[in-house]
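Architecture at a glance
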Amino acid sequence: MRIVVAVKYVPDINADRRFVDCRVDRDPGVGTLNELDENALEAALRILDALPEDERAASEVVALTVAPADGDVALRKSFQMGVDRAVRVTDDALAGSDYFGTATALAAAVHRLEAEAPVDLVITGMAALDGLGSVVPALVAAELGRPALTLAKKVDVADGTLTVTRETDEATETLAAPLPAVLSVADTANTPRMPNFKLIMAARTKQIEAWSAADLGLDAAAVGTAGSRTEVVSAAPRPARPEVELVVDKGEGGTALAEYLIRNELV
Amino acid sequence: MTTSTQPTRNRTVLVLLDPATEVRSGVLELLTIARGLGRVEAVTLEAPTVEALAQLGAYGVETVHQAEVPTDTLAAAGGDGARHLPSVVAATLAAAVRRTDADVVLAPATFAAKEAAALAAHALGAGLVIDAAAVGEDADGRIVAGKRVFAGAWDTRCVVTADVAVLTVRSNAVVPEPAEASVATEVDALPVALAGTAGVVVTSREVKERAPGRPTLEEAAVVVAGGRGTGGDFGPVEEFADAVGAAVGASRDAVFEGWFDRYIGQTGVTIAPRLYVGAGISGAPHHRGGMQAAQVIVAVNSDPEAPIFEICDFAVVGDLADVLPQAAAALRARRDG
């Protein structure tokens with residue numbers, strides 16, 4: 001079993017996130033592994049943990065990211081959780097990629113990994129906490145010509161078939177697809193493991209492979225700003241909210257709440 | 001960016017209606033936005049109901065394109081439930097764009113619709129905007145989307161530079177308004193050439209029941225949410241919600257505790273109502289990411305240090321089990337008096 005987990009380097013949601021020149025600020029001081037990717041890593045590691053020992057030994061989990069060099073933070077964290085290998089795709093030509101450019105680069109990296117040996121599964125988190133688009137897994141699958149099962153809250157891999165249960169807004173669904181496939185897991189799918197001391201120490205010195213757009217045979221005109229079909233033309237912080245009107249309940253808090261809603265024509 | 005009721009260009013705008021059993025307020029918003037951009041047509045995966053057709057007519061939709069997906073493709077993918085798979089919806093949208101030479105596609109901001117929109121844009125070489133909070137055009141007639149990002153802390157504007165724009169739009173972006181005159185709506189069969197679903201099979205699909213008498217969380221103008229501070233008792237939250245005609249939601253913690261089924265948050269339901277009332281919710285970044293775009297934020301929490309107080313307009317420091325029933329009673333008395 002060979003699994004690629006696509007992870008993203010994002011600004012920490014607890015930090016002061018901002019835009020600089022209409023791009024998400026990648027200040028390395030606040031960059032981290034997208035928290036939702038921990039569920040993807042956990043899902044991959046559990047699939048391997050369930051294999052017989054000899055099969056596990058022949059298996060591999062590869063963490064893959066498209067990011068500047070600072071993105072190594074996300075890959076080190078992936079090593080801490082227990083991945084076997086990490087690849088970073090870095091190229092100035094990739095800066096400013098839209099959803100399609102990102103998916104094209106990820107798919108090209110999967111193809112390069114396939115030149116070594118087949119990849120059975122590509123797993124992602126349910127969203128990246130900076131963009132929250134949730135569409136890249138389906139687009140990677142479209143680029144690879146493989147089925148995508150997304151937003152899984154329950155994952156099962158057996159006899160070359162991936163089966164997931166998921167909650168959409170409309171329905172509870174169980175879906176199946178043959179491997180190789182693309183899978184995205186919901187944050188309700190599992191509880192990511194805590195890194196142990198041995199893995200934390202080992203992660204410090206693990207080698208990260210860096211690939212360029214040319215290494216992947218990517219057409220520079222099809223990715224990055226050049227290939228993007230959308231352009232962010234302005235980004236501004238919202239004005240601060242007016243001072244909060246605070247009432248401490250001494251028996252009349254509910255009445256005060258009702259009066260506030262009536263006064264402001266909210267009911 | 002301008003959002004006018006009179007389109008300045010001769011565009012065709014397609015609106016996704018899935019399911020087609022009813023036209024929810026979110027779709028009515030899409031139709032309202034679409035009329036400001038051009039001529040509006042709808043796309044469905046199944047036959048619209050009579051009520052749905054009447055509403056589409058009232059909103060100025062003359063044509064509904066109803067997908068005809070090859071039956072053997074559907075059968076191989078698990079039957080009728082496969083109709084709503086993102087790959088099937090995407091192929092339908094792409095076919096509709098090609099048939100009508102449409103310039104814009106609008107879809108709701110559900111996870112399923114986002115994926116379908118992305119796959120359709122991929123097939124069409126279109127520009128894609130996910131979760132727009134406003135849609136308009138720039139001086140050159142290009143489609144511009146306004147987005148709220150970073151938990152509602154930043155506003156961005158995004159121009160679509162490709163010929164076709166595909167957008168998913170959040171609820172509560174506009175107030176739905178029927179067309180000046182209603183029209184007769186015709187249903188046109190839309191052949192969708194789809195050889196398969198890349199091996200995806202729907203082995204079971206159970207459509208969720210909607211809570212009767214309450215608006216849906218995504219679309220409600222008023223939302224009341226309960227968190228850890230409820231201690232598992234959502235009675236006061238639901239009583240207050242019913243007094244103000246609100247939808248009920250929860251924090252992720254409350255859902256993980258098994259106290260409620262759907263949570264508001266950046267990975268749960270993302271809402272932008274006119275009024276949000278959070279009860280017993282501390283306001284962790286995850287939750288704020290799902291509700292900070294609300295116009296007015298009210299919080300009730302017994303902890304005066306709760307972070308949610310930093311982002312609200314009105315707050316009561318107190319026990320929700322006292323405050324909410326008292327407020328509900330006052331509002332009911334006003335309504336009934």
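Residues numbered from 1 in each chain as written. Chains lettered and ligands numbered in written order. Predicted model: local features only at pLDDT ≥ 70, side-chain atom pairs only at ≥ 80, totals over all residues.

Let us now look at the overall build of chain B. In terms of helices and strands, chain B carries nine helices and 16 strands. Computed over the C-alpha atoms, the radius of gyration of chain B is 21 Å, within 12% of the 20 Å expected from 2.2 N^0.38 for a compact globule of 337 residues. If you line up chain B on its principal axes, its C-alpha atoms span 60 × 50 × 40 Å. In chain B, buried positions account for 60% of the 337 residues. Within chain B, residue pairs in contact and separated by at least 24 positions form 68% of the contacts whose partners lie at least 6 positions apart. (Helix = DSSP H or I, 4+ residues; strand = E, 2+ residues; numbered from the N terminus. Rg over C-alpha atoms; globule rule 2.2 N^0.38 Å. Buried ≥ 20, exposed ≤ 12 C-beta atoms within 10 Å, placed from the backbone. Contact = placed C-beta atoms within 7 Å.)

All right, on to the domain arrangement of chain B then. Note: interface size is frequently given as the accessible area lost on complex formation between the parts. All names here are of chain B. Domain assignment breaks chain B into domain 1 (12-191) and domain 2 (222-336). Between domain 1 and domain 2, the C-alpha centre-to-centre distance is 31 Å. Per-class residue counts for the side of domain 1 that touches domain 2 are two nonpolar, three polar and two charged. (Domains from an automatic or database assignment. Nonpolar A, V, L, I, M, F, W, Y, C, P; charged D, E, K, R; others polar.)

What follows concerns the sheet that holds strand E15 (residues 245-248) of chain A. Taken in spatial order, the six strands line up as E15(A)-E16(B)-E15(B)-E14(B)-E12(B)-E13(B) in an open sheet, and their pairing is parallel. The open sheet is flanked by E15 of chain A together with strand E13 (247-250) of chain B, the only strands paired with a single partner. Adjacent strand axes in the sheet meet at a mean angle of 15 degrees, parallel and antiparallel pairs treated alike. Bridge count for strand E15 (residues 296-301) of chain B against strand E16 (residues 314-317) of chain B is four bridges, and the pairing is parallel. Bridge assignment links Asn301(B) to a residue of E16(B), and that residue is Val317(B). (Pairing = 2+ DSSP bridges. Axes fitted to C-alpha atoms, helices over the stretch in contact; angles between N-to-C directions.)

Before going further, it helps to spend a moment on the interface of chain B and chain A. At the junction of the two partners, chain B supplies 65 residues and chain A supplies 64 residues. Of all the elements in the fold, those that place two or more residues in the side of chain B that touches chain A are helix H5 (111-124), strand E5 (127-132), strand E8 (154-160), strand E11 (201-207), E15, E16 and helix H9 (320-336) of chain B. Broken down by element, the residue count for the side of chain B that touches chain A peaks at nine residues, all from H9(B). Grouping the amino acids of the side of chain B that touches chain A by side-chain chemistry returns 40 nonpolar, 14 polar and eleven charged. Two strands pair when backbone bridges link them, and strand E11 (residues 171-178) of chain A and E11(B) are joined in this way by six bridges, in the antiparallel orientation. Its bridge partner lying in E11(B), Ala171(A) is registered against Val207(B).

The next subject is the nonpolar core. In terms of nonpolar packing, the biggest core is built from 214 residues, with Val5(A), Leu183(A), Val15(B), Leu93(B), Val105(B), Leu106(B) and Ala120(B) touching the most fellow members. With ten residues, the top contributor of residues to this core is H5(B). Split by domain, this core shows at least three residues from each of two domains, domain 1 (12-191) and domain 2 (222-336) of chain B. Ignoring anything within four residues of it in the chain, the contact list for Val105(B) reads Leu14(B), Leu93(B), Val97(B), Ala117(B), Ala120(B) and Val166(B). (Core = buried A, V, L, I, M, F, W, Y, C linked by C-beta atoms within 7 Å.)

Relative to each other, helix H5 (residues 136-144) of chain A and H5(B) sit at 35 degrees, their axes nearing to 9 Å. Crossing handedness for the pair H5(A) and H5(B): right-handed. For the pair H5(A) and H5(B), contact is made by Ala138(A), Leu139(A) and Ala142(A) and by Glu115(B), Ala118(B), Leu119(B) and His122(B), respectively. A breakdown of the residues in the contact of H5(A) with H5(B) according to their chemical character gives five nonpolar, one polar and one charged. (Left-handed = near helix turned anticlockwise from the far one by under 90°.)

Two numbers describe how helix H8 (residues 253-263) of chain A lies on H9(B): the axes approach to 7 Å, and their chain directions differ by 50 degrees. In this view, H8(A) runs oblique relative to H9(B), as classed from their interaxial angle. The element H8(A) and its partner H9(B) pack so that their crossing is right-handed. On H9(B), the residues that touch Gly253(A), Gly254(A), Thr255(A), Leu257(A), Ala258(A) and Ile262(A) of H8(A) are Asp322(B), Val323(B), Leu324(B), Pro325(B), Gln326(B), Ala327(B), Ala330(B), Leu331(B) and Arg334(B). Taken together, the residues that form the contact of H8(A) with H9(B) break down as nine nonpolar, four polar and two charged. (Parallel < 35°, antiparallel > 145°, perpendicular 65-115°, else oblique.)

Here we come to the environment of Ala50(A). Looking at the secondary structure, you find Ala50(A) in the loop between helix H1 (37-49) and helix H2 (53-57). Between the alpha carbons of Ala50(A) and Val157(A) there is a distance of 9.7 Å; along the sequence they are 107 residues apart.

Let's shift gears to unusual backbone geometry. All names here are of chain A. Going from Leu179 to Pro180, the amide bond is cis rather than trans, its omega being 0 degrees. Its place among the elements puts Pro180 in the loop between E11 and strand E12 (181-185). Positive phi, normally seen in glycine, also occurs at Ser134, with a value near 65 degrees. Located in the positive-phi region is Leu151, a residue other than glycine, with phi close to 60 degrees. With respect to the helices, strands and loops of the structure, Leu151 is situated in strand E9 (residues 148-158).

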